[in-house]
Amino acid sequence: MDSETESVGIISNRLQKYEMIESTHCLLPDASQPPSQQSNGDGPARDGQAHLQQQFQRDAEGLATAVASPAAFQYPNPWVRRSHPTRPPSASQSEGQQLTVAAGGTPSLFEIVRQNFISYCQTTSLRGVPKIVKTRDRLLRHIWILFTCTFFLGCFTCLALIIKQYLAYDVIHQPRTVRNHPVQFPSFTVCNTRPFSQAGIQYILDRGLVLPKNYSQFVMQAMRNTAENQRGVGFNDTTKEALSTIFETKGYFENVPRGFDIARLGHTIDQTILICETTILDKDFKRSKFCETIGTWTRTYDNKFLNCYTFTADANNTQKILTVRIMAYTNERNLTNCPDCSSFPATQVSGLRVQLHNAGNYPEVQEEGLNIRPGSLTEIRFETKEWVMKEPPHGRCSTRVPPSVLFNGDAFTYSYQACKKKLLHEEIMKKCGCLDSTIPLPDSMRNTGLDFCGRIPPSQFSLQSEYIQRHNHSTPHDDNDDQRKRPSFHFDADFNDFLRRLTCNTAVFKVSGHATAHQCFTPCTYYTYQTTISTTNWPTRAYHYEIVNDFKNLRDRIDNLHRRGKISRNSSYLDPVFQRLQRIYGPLSEADSPAEAERMLRGIDYIERNFIEILINRG
């Protein structure tokens, strides 16, 4: 009975609603009247009345069913949303739509696109676009348009830059550290930081020339006086920059007389390398061999250190080398006098300059070398980095690079830096009509007969001591020239041509990177070496008593190998050093007591000033 009561209540509520609508709008017609006599009210009103009548009849039938058979009645679930029948469009609405289509015709494609675009702008998630469409205030709409266009412009600019960077194929190459795998042992180059040997200094004096330090002082004073003699005109900044390159040893070497052998000024390999031994792994056994038996030494020229020496192992032994031991000799002179130094403090040094580089390459000692001081044992431990590059457009390597480059009659393995040096020197010769002593001379330019760019006109300058002494004062040459400071240079045709060559040389150097960037390529596979250096004092005091005997044994080993044809030189190159060691340290063995020998050693530092031990080990 409760369910029946509930159903009757629901239908009663609907009847009350129906009666309220009927009383308000007076829309219920008399069912007994024919349709023609019914009211001709609004179409929507008649439709509403018909809909209410249908709903009332359905409720009445449902009530009768619930009273007759309560079990068959389906009570509505309050938790489920009821679907109402869609109200059919009225005749007047259908008629209005037909009139609109008939009056306006089919909408144009532009109108359809426009409406869809506006709908898209209203619902899109792009920042700022819905604000432009929905905002009614004109000022705010213009502000939103400005902000949105600015942000879109920035977005497209960033996208264009990213695409440009991608199309440049800027590839980052990561090197591979090679461990536990046999790779070639690097070449190493050794230079004495004091470029002139004692024999070289004597060679200069015998030719009647001034030493580099006197040259530097004379030329700097002459250029300063020349600028002052121009009565305020002087040299411009470009010329001053170019002139600064000839004040050091570069200018000295470029102004030596023709036929002067510059190689005789530097140290020989016998004066520099006393011992070079290697430890190789041959069939699981470690063996000690002299460097000369498994490789070759090559003399290379450097405009700052003169004679440098590069060791390269043979192809059959380069992967077997574990360690290289070098005992070098600096041949240090009187510490209170430095005849081969210039006026720059950087030249007041002693020791060695050492560089590890790819096997067979031309060395870059000034740029990548290491300084090692005398009286020390320095260990250089290296890790091999293998670089595998890509060809264009994803890289700048090439598999078609030449196998070698020729400098001063010697063949060196091709490298990017060697290619740049060769092209740079050719560019200087082509544009300036002169040579540069700071760059190795390619074989194709050895017989050109051209002067160096820094050669001062011989009519105004000479390295002869007599000339320097005669002009190194401030007295005038004649009565008509009493206002000129001396020494100085005249601005004649030769001197102006000298300044032109010098400034041209400097200008080509400044753009050398751009000039050769598209003409030189790196090999697609090459090696570099990351070094770790440790240094300790060497030798101990006890070794001073043993060094003479060690040199005797060393001489015997060298002579034995020479007699067997293993090496080309005998032990005679050690005689000057061995004789000094005997004279200095020989009396120690004749001392009456250890205390007496210790007292004698206190004033001796010959080994500490002249000897260097170097160990080069694989990492």
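Read on for an overview of the structure. Just so you know, these numbers come straight off a predicted model, no measurement behind them.

Bringing the nonpolar core into the picture now. Grouped together as the largest cluster of nonpolar side chains are 34 residues, with contacts concentrated most on Val219, Met223, Leu243, Ile246, Leu265, Phe461 and Phe498. Contributions of two or more residues to this core are made by helix H7 (198-206), helix H8 (212-229), helix H9 (237-243), helix H10 (249-254), helix H15 (465-471) and helix H16 (493-510). Among the elements that line this core, the one with the most residues is H8, at five residues. Beyond its immediate stretch of four places on either side in the chain, valine 219 contacts Ile246, Phe247, Ile456 and Phe461.

Packing of helix H18 (residues 547-563) against helix H19 (residues 575-585) leaves a shortest axis separation of 9 Å and a crossing angle of 155°. If you check the angle between H18 and H19, you find them roughly antiparallel. Both H18 and H19 take part in a crossing whose hand is left-handed. Here Ile547, Val548, Phe551, Lys552 and Arg555 of H18 come into contact with H19, specifically with Asp575, Val577, Phe578, Leu581, Gln582 and Tyr585. Here the contact of H18 with H19 is composed, by residue class, of seven nonpolar, one polar and three charged.

With that settled, consider the packing of aromatic side chains. If you walk through the whole model with that rule in mind, you get 27 aromatic pairs. Taken together, a centroid distance of 5.5 Å and an interplanar angle of 65° make the contact between tyrosine 329 and phenylalanine 611 edge-to-face. Pair noted here: tyrosine 329 is in strand E7 (residues 321-329) and phenylalanine 611 is in strand E16 (residues 611-618), with a separation of 282 residues, a long-range link. Relative accessible area serves as the criterion here: at 0%, phenylalanine 611 is assigned to the buried category. An aromatic cluster is present here, built from Phe196, Tyr215, Phe218, Tyr252, Phe253, Phe461 and Tyr467 joined pairwise through their rings. For the cation-ring pair, arginine 555 lies above phenylalanine 578, with the distance from its terminal atom to the ring centre recorded as 4.6 Å. The ring of tyrosine 573 has arginine 569 lying over it, and the distance from NZ or CZ to the ring centre is 3.9 Å.

One can describe the packing of helix H14 (residues 416-432) onto H16 by two numbers: an axis separation of 10 Å at closest approach and a directional angle of 145°. Note that H14 runs across H16; the crossing there is right-handed. In contact with Leu424, Glu427, Ile428, Lys431 and Cys432 of H14, H16 contributes Arg500, Arg501, Cys504, Asn505, Val508 and Phe509. Looking at the contact of H14 with H16, its residues break down into six nonpolar, one polar and four charged.

With that out of the way, let us pick up the sheet that holds strand E5 (residues 295-302). Read from one edge to the other, the open sheet built from five strands follows the order E5-E6-E2-E8-E9, with strand pairing classed as antiparallel. The outermost strands of the open sheet, each flanked by one partner alone, are E5 and strand E9 (370-372). Neighbour-to-neighbour, the strand axes of this sheet turn through a mean angle of 25°, independent of strand direction. The sheet contact formed by E5 and strand E6 (residues 306-313) spans eight bridges and is antiparallel. Bridge pairing in E6 places tyrosine 301 opposite asparagine 307.

Parameters and conventions
- Residues numbered from 1 in each chain as written.
- Predicted model: local features only at pLDDT ≥ 70, side-chain atom pairs only at ≥ 80, totals over all residues.
- Heavy atoms only, no water.
- Core = buried A, V, L, I, M, F, W, Y, C linked by side-chain atoms within 4.5 Å.
- Buried < 20%, exposed > 50% of the residue type's maximum accessible area, 1.4 Å probe, protein only.
- Helix = DSSP H or I, 4+ residues; strand = E, 2+ residues; numbered from the N terminus.
- Contact = heavy atoms within 4.5 Å.
- Axes fitted to C-alpha atoms, helices over the stretch in contact; angles between N-to-C directions.
- Parallel < 35°, antiparallel > 145°, perpendicular 65-115°, else oblique.
- Left-handed = near helix turned anticlockwise from the far one by under 90°.
- Nonpolar A, V, L, I, M, F, W, Y, C, P; charged D, E, K, R; others polar.
- Phe/Tyr/Trp six-rings, centres within 6.5 Å; stacked < 30°, edge-to-face > 60°.
- Lys NZ or Arg CZ within 6 Å of the ring centre and 35° of its normal.
- Pairing = 2+ DSSP bridges.

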